[in-house]
Amino acid sequence: MSTSVYSRYRAAFAQALATALGVPAADIEAQVKPAEPAHGDLSFATFPLAKAQKKAPPAIAAGLAQSLSVPGLEIKAVGPYVNARFTALPFTSEVIDAARGAGIRYGGDEDAGRGKTVAIDYSSPNIAKPIGFHHIRTTFLGHCIANIYRALGWRVEGINYLGDWGKQFGLVAVGFQEYGDPARIDDMGHLVEVYVKANKRAEAEPEFDEKARGFFRRMEAGDAEALKLWNQFRDTSIKGFKKIYERMGIEFEHIEGESRYQGKMDAVIDQIAKKPGVKESQGALIVDLPYAENEPPILLKKNDGSTLYATRDLAAAQDRYERFQFDKSLYVVAQDQALHFRQVFRTLKEMDLPWADRTVHVAFGRIHGMSTRKGQVVQLNDVLDEARERVSVKVRENVEAGRIQTDDADALSEQIALGAIAFGDLKHKRASDYTFDWDEVLSFEGHTGPYLQYAHARAVNVLRKGGGAPASYDAALLTLPEEQALLREIMRLPEVVRDAAEQYEPSLVARLLLDVASALSRYYTLGNQERDKRINVEGDDALRSARLALIDAARVTLAAGLTLLGIPTPDNM
């Protein structure tokens, strides 16, 4: 398994401390933390040792610091802490070489998850409905988590679990019979129009709603005519969905839906009946478990015999384990569904399935601030279109002013728009709500996607002007504080990627990239005040090559991180 620069030094520091203290390194490593930048890079607090050694923590720290010697680390005591700082060499060359050597794969570790499988359920729109803007969180979060696990060597089974079964499809069917144009059955937009009309009528007319329920019962009973019409709706929807996913650069290993488990749910119910048991409640079939006060029961069948989400999710969980033998099964679904997944996972556990504890609800918060149009859901494709239109104005202004050189302003606008919308979501912790704001999302300054894309493009431009990335360089020449600060941000990506995988939290990668871009900007602007601090410094080829190598490492880090987030990396902005 490859080890990052940071991990290697951290492990060496912990081992030296453990040897000096006569304890296992594993007991120490968890206690080694990042130090305050002014005092070093790694820190070990001696407070827990005071009682056993009957010494004051500062005295313990001073004694330890004097006894330790680790190649590549400068070790000092600062009060009760033993701090270690990376020495400029070989640290500088190790970080640059690690990033440049890995290229676009920097931050990953193909050995980390070798032999392991993760199933990831995400996006999951309903057929005969558009992909709404509210789907952005499950779609982008799931896509990024999948990218991160792939980078760490896991086999990823990404599943777009379509909502393609239930009364709502009976509603589309009876609505199509009333309002549809058979010649437009392959038109996704037309199906949406039909659904809106049918849904509005069902709310006003109970008998129309019952007609939709009756159509769905025909589907569950295997009625050939009903299933033929449903299949046509499903095919039309999937074709429409694929166009949007292609636009976002997203592919799934599997596109399947709840309908996959039609005819398979009785077997699951029979299994649940054995343990933990089932019982009737007000004519419905529920899982026989003790429930908390006011907790709704886990419904398996309604009183009309039709199945529910829980039944299908239980069947899907078992099916996925049989197919993939997963080590983890993730459900990237809104926090609103927390009770549903707690109950599904609880049922799996009560069924004594040994893999039940491998299932995880990766919950996320809501987006506020995106208004609806005429009472309808705002479509994700419309938001991407509007973002591109807004960005296009800025791009064309910059092209005309000579600040951007591009042969395809439309393509560049699309890349920036996608980056803006994606990063505008991914920079937030997934569990938090956030408010969407067009001006903030599309800004080329601040914590935004365009800012990161611009930082990457700037690095590419610096390298281009300097004659390209150098094959060799002298790391000893990179002594400026701003250079060392940038190196420390570049170094962090592999650790952050691992943390993001463990926490299912792409925002960690997003925030790290902002830190890299900020450090790069500070370094770049040094040359505005002092010519000898310019990256493409004149009259000193060796120094210029060293600085270009550092810029190349920063470029690689930004490109690798943005790729993990599913964000394009244009070379000109």
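Bear in mind that the values here come from a model prediction, so they are computed numbers and not experimental data. (Residues numbered from 1 in each chain as written. Predicted model: local features only at pLDDT ≥ 70, side-chain atom pairs only at ≥ 80, totals over all residues. Heavy atoms only, no water.)

Quick notes on unusual backbone geometry
- Residue Leu89 is joined to Pro90 through a cis peptide bond whose omega torsion reads 10°.
- Tracing the backbone shows Pro90 in helix H5 (residues 88–102).
- Cis geometry is found at the peptide bond from Lys275 to Pro276, where omega equals 10°.
- Residue placement: Pro276 occurs in the loop between helix H11 (265–274) and strand S8 (278–281).
- One non-glycine residue with positive phi stands out, namely Ala128, at about 65°.
- Within the secondary structure, Ala128 sits in the loop between strand S5 (117–121) and helix H6 (136–151).
- Overall, the relative accessible area of 0% leaves Ala128 in the buried class. (Helix = DSSP H or I, 4+ residues; strand = E, 2+ residues; numbered from the N terminus. Buried < 20%, exposed > 50% of the residue type's maximum accessible area, 1.4 Å probe, protein only.)

Remarks on the sheet that holds strand S11 (residues 328–332)
- Read from one edge of the open sheet, five strands run S7-S6-S5-S11-S12, paired in parallel fashion. Of all the strands in the sheet, just strand S7 (254–257) and strand S12 (359–362) have a single pairing partner and so form its edges. For this sheet the average axis-to-axis angle between neighbouring strands, irrespective of direction, equals 25°.
- Alignment of strand S6 (residues 155–162) against S7, held across four bridges, turns out to be parallel. Looking at the pairing, Ile159 lines up with His254 of S7.
- Across the face of the sheet, helix H13 (residues 338–350) comes into contact with S11 and S12 while running at roughly 180° to S12. (Pairing = 2+ DSSP bridges. Axes fitted to C-alpha atoms, helices over the stretch in contact; angles between N-to-C directions. Contact = heavy atoms within 4.5 Å.)

Notes on a nonpolar patch on the surface
- On the surface, a nonpolar cluster with roughly 250 Å² of combined accessible area is contributed by Phe47, Val78 and Tyr81.
- For Val78, the position within the fold is in strand S3 (residues 73–78).
- Owing to a relative accessible area of 30%, Val78 belongs among the partly exposed residues under this scheme. (Patch = residues over 30% accessible without salt bridge, like charges linked within 9 Å, V, L, I, M, F, W, Y side chains within 5 Å. Areas by Shrake-Rupley, 256 points an atom, 1.4 Å probe, with all protein chains shown as cover. Salt bridge = Lys/Arg side-chain N within 4 Å of Asp/Glu carboxyl O.)

Here we look at the pattern of salt bridges
- Evaluated as defined, the whole model comprises 43 salt bridges.
- Ionic pairing is found between Glu489 and Arg492, a salt bridge with its closest N-O pair at 2.7 Å.
- We classify Glu489 as buried; its relative accessible area is 18%.
- Residue classification places Arg492 among the partly exposed positions, given a relative accessible area of 30%.

Digging into the packing of helix H18 (residues 481–491) against helix H21 (residues 541–564)
- Packing of H18 against H21 leaves a shortest axis separation of 10 Å and a crossing angle of 30°. In this view, H18 runs roughly parallel relative to H21, as classed from their interaxial angle. Along this stretch, H18 crosses H21, giving a crossing that reads as left-handed. Here H18 contributes Glu483, Leu486, Leu487 and Ile490 to the contact with H21, which in turn contributes Arg547, Leu550, Ala553, Ala554 and Thr557.
- For the contact of H18 with H21, a count of residues per class yields six nonpolar, one polar and two charged. (Parallel < 35°, antiparallel > 145°, perpendicular 65-115°, else oblique. Left-handed = near helix turned anticlockwise from the far one by under 90°. Nonpolar A, V, L, I, M, F, W, Y, C, P; charged D, E, K, R; others polar.)

Looking at the pairing of strand S4 (residues 81–86)
- Judged from the four bridges that link them, strand S2 (residues 42–45) and S4 form a sheet pairing that is antiparallel. Within S4, the position partnered with Phe44 by the bridge is Val82.
- Joining the antiparallel neighbours S3 and S4 is a turn of two residues, in which Gly79 adopts a positive phi near 60°.

Some thoughts on the side chain of Thr92
- Looking at the secondary structure, you find Thr92 in helix H5.
- The class of Thr92 is buried, set by a relative accessible area of 0%.
- Beyond its immediate sequence surroundings of up to four residues, Thr92 is in contact with Ala475, Leu478, Gln484 and Leu487.

A look at the environment of Met248
- Within the secondary structure, Met248 is located in helix H10 (residues 224–248).
- On a C-alpha basis, the gap between Met248 and His428 in space is 19 Å, while along the polypeptide they are 180 residues apart.
- Beyond its immediate sequence surroundings of up to four residues, Met248 is in contact with Thr139, Phe140, Leu380, Leu384 and Leu418.

Points about the sheet that holds strand S1 (residues 32–34)
- An order of S1-S2-S4-S3 is seen for the four strands of this open sheet, with the pairing classed as antiparallel. Of all strands in the sheet, those with a lone pairing partner are S1 and S3, marking the two edges. The mean angle between the axes of side-by-side strands here comes to 30°, regardless of whether they run parallel or antiparallel.
- In this sheet, S4 lies alongside S3 in antiparallel orientation, the contact comprising six bridges. By the bridge assignment for S4, Val78 is matched with Tyr81.
- Here helix H4 (residues 57–67) sits on the sheet and contacts S2, S3 and S4; the angle it forms with S3, its principal contact strand, is near 160°.

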